[in-house]
Amino acid sequence: MGKYSFEEIVNHLKSSGFVYQGSEIYGGLSNSWDFGNLGSELKKNIKDLWWKEFIQKDPNNVGIDAAIIMNPKTWEASGHLKGFSDLMIDCKECKSRFRADKMIEEATGISTEGKGPEEMMHVIEENRVACPKCGKHNFTQPRPFNLMFKTFIGTLEDSKSVVYLRPETCQGIFVNFENVLRTSRRKLPFGIGQIGKSFRNEITPGNFIFRTREFEQMELEFFYDPKDTTDWYKYWVDICVAFVQRLGIRDENLRVREHAKEELAFYSRGTSDIEYAFPFTDWGEVWGIADRTDYDLSQHQKYSGKNMTYLDQASGESFIPYVIEPSVGVERLFLMCVCDAYDVEELEGDDQRVVMHLHPSIAPIKASILPLSKKLKDRAIELYKDLAEDIRVEYDDAGSIGKRYRRNDAIGTPFCITYDFDSENDGCVTVRDRDTMAQVRIPMAEVKDYILKRIKF
Ligand code: GAP
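Note that this is a predicted model, so its numbers are computed, not measured. Position numbers for residues count from 1 along each chain, tracking the sequence in the order it is written. For this predicted model, a pLDDT threshold of at least 70 governs which residues receive local features, and a threshold of 80 or more governs which side-chain atom pairs are given and counted, while totals over whole chains, interfaces and linings are taken from all residues. For side-chain calculations, the full set of non-hydrogen atoms in the structure is used, while hydrogens and water are omitted.

If you look at soluble globular proteins, the nonpolar side chains tend to sit buried side by side. Membership of the largest hydrophobic core comes to 59 residues, with the highest contact counts inside it found for W287 and M336. Per-element accounting of this core gives the leading share, 9 residues, to helix α11 (residues 330-341). Aside from chain neighbours lying at most four places away, what touches M336 is V244, I249, L254, Y276, F278 and V286. Residues enter a nonpolar core if they are buried and are Ala, Val, Leu, Ile, Met, Phe, Trp, Tyr or Cys, with the set joined through side-chain atoms within 4.5 Å. Relative accessibility decides the category of a residue: with a 1.4 Å probe and only protein chains considered, values under 20% of the type maximum give buried, values over 50% give exposed, and everything between is partly exposed. Only DSSP runs of H or I covering at least 4 residues are called helices, and only runs of E covering at least 2 are called strands; the numbering of each starts at the N terminus. Residues count as neighbours in contact if any of their non-hydrogen atoms are within 4.5 Å of one another.

Axis definition: a line fit to C-alpha positions, over the contact stretch in the case of helices; interaxial angles, taken between N-to-C directions, run 0 to 180 degrees. As a packed pair, helix α2 (residues 39-56) and α11 sit with axes 10 Å apart at the nearest point and diverge in direction by 110 degrees. Relative to α11, α2 is oriented roughly perpendicular. With respect to the hand of their crossing, α2 and α11 are arranged in right-handed fashion. From α2, G39, L42, K43, I46 and K47 reach across to α11, where they touch V330, E331, L333, F334 and V338. Per-class residue counts for the contact of α2 with α11 are 6 nonpolar, 1 polar and 3 charged. In what follows, roughly perpendicular refers to angles from 65 to 115 degrees, roughly parallel to angles under 35, roughly antiparallel to angles over 145, and oblique to any angle outside these ranges. In this scheme the handedness of a crossing depends on how the near helix is turned from the far one: anticlockwise by less than a right angle means left-handed, clockwise means right-handed. Only Asp, Glu, Lys and Arg are considered charged in this grouping, and only Ala, Val, Leu, Ile, Met, Phe, Trp, Tyr, Cys and Pro are considered nonpolar; every other residue, Gly among them, is considered polar.

Each domain's limits were defined by an automated method or a database of domain assignments. As far as domains go, the chain holds domain 1 (6-81 + 160-339), domain 2 (85-146) and domain 3 (365-454). If you average the C-alpha positions of domain 1 and of domain 3, the two centres end up 37 Å apart. With 6 residues of domain 1 at the interface, the matching set in domain 3 holds 5 residues. Counting each side, the surface lost to burial between domain 1 and domain 3 is near 420 Å², with a carbon and sulfur contribution of 57%. Of all residues in domain 1, H12, L38 and E41 give up the largest surface area on contact with domain 3, accounting jointly for 69% of the area buried on that side. When a carboxyl oxygen of Asp or Glu lies within 4 Å of a side-chain nitrogen of Lys or Arg, that pair is called a salt bridge. Counting every contact that joins domain 1 to domain 3 gives 1 salt bridge. Counting residues per element, the ones that place at least two in the side of domain 1 that touches domain 3 are α1 (6-16) and α2. Residue composition of the side of domain 1 that touches domain 3, grouped by class: 2 nonpolar, 3 polar and 1 charged. Note on terms: buried area is the combined drop in 1.4 Å-probe accessible area of two parts once they are placed together, counting the loss on both.

Neighbouring residues of the ligand: 19 residues in total, closest E168, R200, E202, E219 and E285. Polar contact is defined as a pair of N or O atoms within 3.5 Å, subject to the rule that within protein one atom must be able to donate a hydrogen and the other to accept it, and that residues adjacent in sequence are counted only when both atoms are side-chain atoms. In this structure, E219 approaches the ligand through a side-chain N or O atom, which is 2.6 Å from a nitrogen atom. When the free accessible area of the ligand is taken as 550 Å², the share hidden by the protein chains comes to 87%. Broken down by secondary-structure element, the contributors of at least two residues to the shell around the ligand are β10 (214-224), β13 (284-293) and β16 (322-329). By convention in this text, a residue qualifies as near a molecule or strand provided that one of its non-hydrogen atoms is within 4 Å of it. Computed with the Shrake-Rupley method and a 1.4 Å probe, the accessible areas treat only the protein chains shown as cover for residues.

Below, the structure is given as structure tokens:
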């Protein structure tokens, strides 16, 4: 557990422009969040960084951008129509509805992982589990509740026009496997990545943006020949761990948890989660890396009747490739980064500052141009315009310089550039570092390179 409460961090994010309550002027919508002027930048930077590291810099990988609404057969093939559900239980007295496993675990500490409705009912009765809302003992039998959002296409709301909002982005990759193979001329091993919205009608959303009903995923499906002896599973676990470490996330707040055999889906050969010690829980999943074998492509071959095999030119053999899937939620990475970055530092005297030690590559604003006086506005704005061509910078001439430094520290801006009266004569500016608060004076012509060098991942 970190030094700061989750409430304190969330309040800071809400008040400084990272996250707003969704549809706030109408009283909000439960568990819906909007990303503000800073949050949208941070999210975009996280996505750009993932794309750069997993697609742009990896010669094996390509990206796609598939539709959110897919042919419903996709979800039959993937197993989501049948299996993507949680067991729900209703209190007959107060009519409240709960996720059965969570209710039991919270009341008794007993995990009902893998148990069916009857076994769950048995645990409830044996332990006299009470309704968390009204305290009575009168429940319906637990029954499955599908987590996919259902909607209709076209004008008729009948069963033939039912479609679903995708609950994961990876199925858009699997159904396009043969298309990408043909148009990208890739050979195994290779990966297809995608960033996009996913939707799950979660029964127990919560913990701010940790579990929401609408979120973004960044998924890579890395296809390989099952006869290939390289340990691609370990390879991708290591890459994802390195990504998180390079973001500066503290080691003591990170762990990799390998799933036990009983936790694995029947088709999976292994799954590891990168977990973070969020302030609201012991460990929360951020990134899942799974060896899904040939399950998904085989299912789509079966349900579509289309060939999903790969022809190995050298051996003349056709087979369905295996796949490793590193899958991460943008909002989870966002939340991990801000929880790890948030700090309140004691300064000399009674002073203190809130500072977000975000990695400069993802900081929403990279530098702030601060003229010491409004009289220096013209040249300072010129500098702003020049930097803004290549870097996300802001201009601020309101308030004391100390206050402006604090404002920038609190939103994680790595550099403050002060333009003063001497700048008019010597053509230099003072660049202040967010973390060390150290200042250097450099020629204005060198500022852009100075910053670009220091905001690299
Ligand atoms: N294709 C595999 C898949 O979707 P998952 O473990 O269900 O696997 C992958 O989801 C990642 O997506 C999680 O590790 C998490 O980062 C993110 N995620 C899943 N459900 C989420 C939710 N309701 N809200 C926010 N992020 C979520």
